[in-house]
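Notes for the structure review
Listed below are the residues making up each chain.
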Amino acid sequence: MDKENVKKDLFVPAQKDEEKSEQINRPSLSFWQDAWIRLRKNGGAIFGMVTLVLLTLLAIFAPMLTSHGLDDQDLGLSRMPPKVQGLENFQWLGLDGKKSETFEADSVEEAKDLALARFSQDDFSYIEFDVKAEGDGSEDSAEVKAYYDPYADKQVEEYFWFGTDTLGRDLFTRVWIGTRISLMIALIAALIDMLVGVAYGGISGYFGGRVDNIMQRIIEVLVGIPNLVVVILMIMILDPGITAIIIALTITGWTGMARIVRGQVLKLKNQEFVLASQTLGSSNTRILTKHLIPNTVGMIIINTMFTIPNAIFFEAFLSFIGLGLQAPDASLGTLINDGFKALQINPHIMIFPAIVMSLIMIGFNILADGLRDALDPKMRE
Amino acid sequence: MAKYILKRIGYMLITLFIIATFSFILMKMLPGSPLTAEEKVTEAQREIILEKYGLNDPIPVQYVRYLGNLAQGDLGVSFQMKNQSVTDILMSRAPVSAELGFWALIVGTSLGMLLGLIAAIRQNSWMDYGSNIISVIGISIPSFIFAGLMQFYIGVELELLPIAFWGTPQQAIMPVIALAIFPMAISARFLRTEMIEVLGSDYIVTAKAKGVSKFAIIFKHGLRNALIPLITVMGPMAVSLMTGTLVIEKIFSIPGIGEQFVNSVTTNDFSIIMGTTLFFAFLFIVIILIIDILYGIIDPRIRLAGGKD
């Protein structure tokens, strides 16, 4: 359309409308809707959330998929490598149900004999070879890679998705039950931290004065005691087990939450809505639980989300140094620790729990980062 | 300033006193006694032994003596290893752990600073995202998983590095890297945030306006100011190095305090466990105190804010 065609009568003057100028065009969003919109845009956080949901579902339902129990031992089927239907032909995935190892000797024949001895076989019916170097007779010049198929050897029809451990227990079952226990310990510990921390911080901040002074001095001393030290000391007097770990984790764990909630309450308690509520005769309990705490929920959630991976780490750490769960109970920490003992020859025993643990930790950390950005825009980097 | 330092030292002493008292009570509450296993000991011999170690005295007397010994750095005698005092064992092993921790700290923070700096300068580029991914992974995945994976793939499969023990530089590479990952991740992330904030501030704009070179802006004006708050993450780093040495030394069979501790857990050598725990507590509290005082000196606002609480 060129200039001449634009006629004046194409334009209609806008009507000044008092009512419309006040109209709100977009739907009003609550704090949570707003936070959700921000969180949704954060790809990492969504990835973390999906990962965690999937892992949680697996931890709940996966052990039901197998006929094995947590402690069903079958020494005849110990150290079976992982084998998954449909993935058997992709050798590089390592889920083909074969054990592979490289042997070096002066000649190919000698290297093959080493493989026989290594897998305790009499003949080559269950071993395939891949000759890497023919060798010229000098020392260790020949190199063969041997693939041993224990599933064919032991005539096992079943597929152990994650393989079995040194006692012949199904690792798939153990890993997911271990995940369940690790998650449970972390969630309970985080919940207790949250309850104690919110109550302590709320009371300390709201009442202020001498109450606050005394409560803060106590916290200052507690914060000075390293978590590691408390956890180790507590574990030593309590009988090892889930309860002991939870108590050890929570005994000083709540201080971080208490400090954050106190800070928030101090900031909020002089605002007008609190004054209004006080004027209307609300009790202190009501003001704290109905006005102050709900306004700090964002911070509480963020802090809890960082507590959970920390608790999972400490549980695994304790199990790893021998102060955690005792056999036959399994957690991710004990499974990784067991895996270490067989790492050189049967890496699958450690790798599966290690992968699950890493995914959980990454999931919680990036989700927590995302939530922090979504719930507390002021803190955004 | 003097008042602040005194106050902090006061808190440190209270904390140490509480930890010491707590561990004394624990020692008394533990089932059994150091003599439980010695069934052949006659009643008279038992009396002599108990007398020798002062275990017949009333609890308060034992407690005061215990505190006195602690104040002099005497942590008692090992239950399992004959005639070895816990202090001697710890002191003979401390240098190895210190060396491991020192190198991990140096490697970790310098790599982390490099990553953080690159991420801040090239904000929202692939380098920034790469650096972010590395730091999330580094913060999330425990060092023992890294250590195990490295030991298997680099040590066992590829046979590039020795998988255990301590002494040669090659043996140090894997444990130092495993331990350095957390300090690296946390300093990378922290420096990135600080650096972005500093680079957006007015004095950087002024520097740019008067034609200061990009190099000078980043290193002289930017980095120097961004580094100061890095002191605050030294606390978490110290904790991670201590928990880290426990597991890393066990995995790589490094003869440090951590390995001793884990072995003592398996042999129920309570005096060593307690001694190490107290030693760690002391070390940790002193490190935090130094960090806080340093920070108070560098940035007086922190001290004032702390005083108002």
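As the structure is a prediction and not an experimental result, all values here were calculated from the model.

About the thresholds
- Residues numbered from 1 in each chain as written.
- Chains lettered and ligands numbered in written order.
- Predicted model: local features only at pLDDT ≥ 70, side-chain atom pairs only at ≥ 80, totals over all residues.
- Heavy atoms only, no water.
- Helix = DSSP H or I, 4+ residues; strand = E, 2+ residues; numbered from the N terminus.
- Rg over C-alpha atoms; globule rule 2.2 N^0.38 Å.
- Buried < 20%, exposed > 50% of the residue type's maximum accessible area, 1.4 Å probe, protein only.
- Contact = heavy atoms within 4.5 Å.
- Areas by Shrake-Rupley, 256 points an atom, 1.4 Å probe, with all protein chains shown as cover.
- Phe/Tyr/Trp six-rings, centres within 6.5 Å; stacked < 30°, edge-to-face > 60°.
- Lys NZ or Arg CZ within 6 Å of the ring centre and 35° of its normal.
- pLDDT = per-residue confidence, 0-100.
- Buried area = accessible area lost by both parts, 1.4 Å probe.
- Salt bridge = Lys/Arg side-chain N within 4 Å of Asp/Glu carboxyl O.
- Polar contact = N/O pair within 3.5 Å; in protein donor to acceptor, adjacent residues only side chain to side chain.
- Core = buried A, V, L, I, M, F, W, Y, C linked by side-chain atoms within 4.5 Å.
- Axes fitted to C-alpha atoms, helices over the stretch in contact; angles between N-to-C directions.
- Parallel < 35°, antiparallel > 145°, perpendicular 65-115°, else oblique.
- Left-handed = near helix turned anticlockwise from the far one by under 90°.
- Pairing = 2+ DSSP bridges.

**Examining the overall build of chain A**
- Within chain A one finds 15 helices and three strands.
- Against the 2.2 N^0.38 benchmark of 21 Å for 381 residues, chain A shows a C-alpha radius of gyration of 31 Å, more extended than a compact globule.
- With the principal axes as the frame, chain A shows a C-alpha extent of 95 × 85 × 40 Å.
- For chain A, buried positions account for 48% of its 381 residues.
- Put simply, of all contacts in chain A between residues at least 6 apart along the chain, 71% involve residues at least 24 apart.
- Total accessible area computed for chain A in this model is approximately 19800 Å², and 57% of it derives from carbon and sulfur atoms.

**Describing the packing of aromatic side chains**
- Using the criterion set out here, one finds 18 aromatic pairs over all chains in the structure.
- For the pair Phe 31 of chain A and Trp 32 of chain A, a centre-to-centre distance of 5.0 Å together with 70 degrees between the ring planes defines the contact as edge-to-face.
- Summarising the aromatic geometry, the rings of Phe 152 of chain B and Tyr 153 of chain B are spaced 4.9 Å apart at their centres and angled 75 degrees between planes, so their arrangement reads as edge-to-face.
- Judged by relative accessible area, which is 6%, Phe 152 of chain B ranks as buried.
- The exposure class of Tyr 153 of chain B is partly exposed, given its relative accessible area of 40%.
- One aromatic cluster is present, formed by Phe 313, Phe 314, Phe 317, Phe 320 and Phe 340 of chain A together with Phe 144 of chain B through successive ring pairs.
- Seen from the ring of Phe 320 of chain A, Lys 250 of chain B lies directly overhead, with NZ or CZ sitting 4.6 Å from the centre.

**A closer look at the confidence of the model for chain A**
- Chain-level pLDDT for chain A is 83 on average; 95% of the residues reach the 70-or-more range.
- Looking at the elements of chain A, mean pLDDT is at its lowest for helix 5 (residues 150-153) of chain A, recorded as 74, and at its highest for helix 6 (residues 171-207) of chain A, recorded as 92.

**What about unusual backbone geometry?**
- Its identity as a non-glycine residue notwithstanding, Phe 165 of chain B has a phi of 70 degrees, on the positive side.
- The residue Phe 165 of chain B is located in the loop between helix 6 (143-157) and helix 7 (169-199) in this model.

**Description of the interface of chain A and chain B**
- The interface of chain A with chain B comprises 39 residues on the first partner and 46 residues on the second.
- Taking both sides of the interface into account, the surface hidden between chain A and chain B amounts to around 3800 Å²; carbon and sulfur atoms contribute 80%.
- Taken together, the connections running from chain A to chain B amount to one salt bridge.
- Close ionic contact of Asp 369 of chain A with Arg 189 of chain B constitutes a salt bridge, the shortest N to O distance being 2.6 Å.
- Viewed at the interface, chain B and chain A are joined by six residue pairs in polar contact (both at pLDDT 80 or more).
- When residues of the side of chain A that touches chain B are traced back to their parent elements, those giving at least two are helix 7 (209-224), helix 8 (227-237), helix 13 (297-320), helix 14 (332-341) and helix 15 (348-375) of chain A.
- Broken down by element, the side of chain A that touches chain B gets its largest block of residues, ten residues, from helix 15 of chain A.

**Considerations on the nonpolar core**
- Counting 130 residues, the largest nonpolar core has Ile 312 and Ile 360 of chain A together with Phe 144 of chain B as its most contacted members.
- A per-element tally of this core places helix 15 of chain A first, with 16 residues.
- Setting aside anything within four residues of it in sequence, one finds Phe 144 of chain B in contact with Phe 313, Ala 316, Phe 317, Phe 320, Ile 336 and Phe 340 of chain A together with Val 247 and Ile 251 of chain B.

**Brief notes about the packing of helix 4 (residues 86-121) of chain B against helix 12 (residues 270-298) of chain B**
Residue and element names in this part refer to chain B.
- Contact pair helix 4 / helix 12: the axes reach a minimum separation of 10 Å and the direction vectors enclose 60 degrees. When the interaxial angle is binned, helix 4 and helix 12 end up oblique. Crossing of helix 4 over helix 12 shows right-handed handedness. On the side of helix 4, the interface is formed by Val 86, Ile 89, Leu 90 and Met 91, while helix 12 contributes Ser 271, Ile 272, Gly 275, Thr 276 and Phe 279.

**Notes on the environment of Thr 334 of chain A**
Residues and elements named next belong to chain A.
- Here Thr 334 is to be found in helix 14.
- On the accessibility criterion, Thr 334 (8% relative accessible area) is buried.
- Setting aside residues no more than four positions away along its own chain, Thr 334 makes contact with Ser 319, Leu 325 and Asp 329.
- At 2.8 Å, the side chain of Thr 334 forms a polar contact with the backbone nitrogen of Ser 331.

**What to know about the sheet that holds strand 1 (residues 99-105) of chain A**
Residues and elements named next belong to chain A.
- Taken together, the three strands give an open sheet; going across it, the order is 1-3-2, and neighbouring strands pair in antiparallel fashion. What marks the edges here is a single partner per strand, and that holds for strand 1 and strand 2 (127-133). Strand-to-strand twist of the sheet, defined as the mean angle between neighbouring strand axes without regard to direction, takes the value 25 degrees.
- One ladder, built from six bridges, connects strand 2 with strand 3 (residues 142-148); its direction is antiparallel. Bridging across to strand 3, Ile 127 finds its partner in Tyr 148.
- The sheet contacts of helix 4 (residues 108-118) involve strand 1, strand 2 and strand 3, and relative to strand 1 the element is tilted by about 135 degrees.

**Re the environment of Arg 174 of chain A**
Residues and elements named next belong to chain A.
- Relative to the elements of secondary structure, Arg 174 occurs in helix 6.
- For Arg 174, a relative accessible area of 2% puts it in the buried group.
- Separated by 102 residues in the primary sequence, Arg 174 and Asp 72 have C-alpha atoms spaced 10.0 Å apart.
- When sequence neighbours within four positions are dropped, the list of residues in contact with Arg 174 reads Leu 70, Asp 165, Arg 169, Pro 328, Asp 329, Ala 330, Leu 335 and Asp 338.

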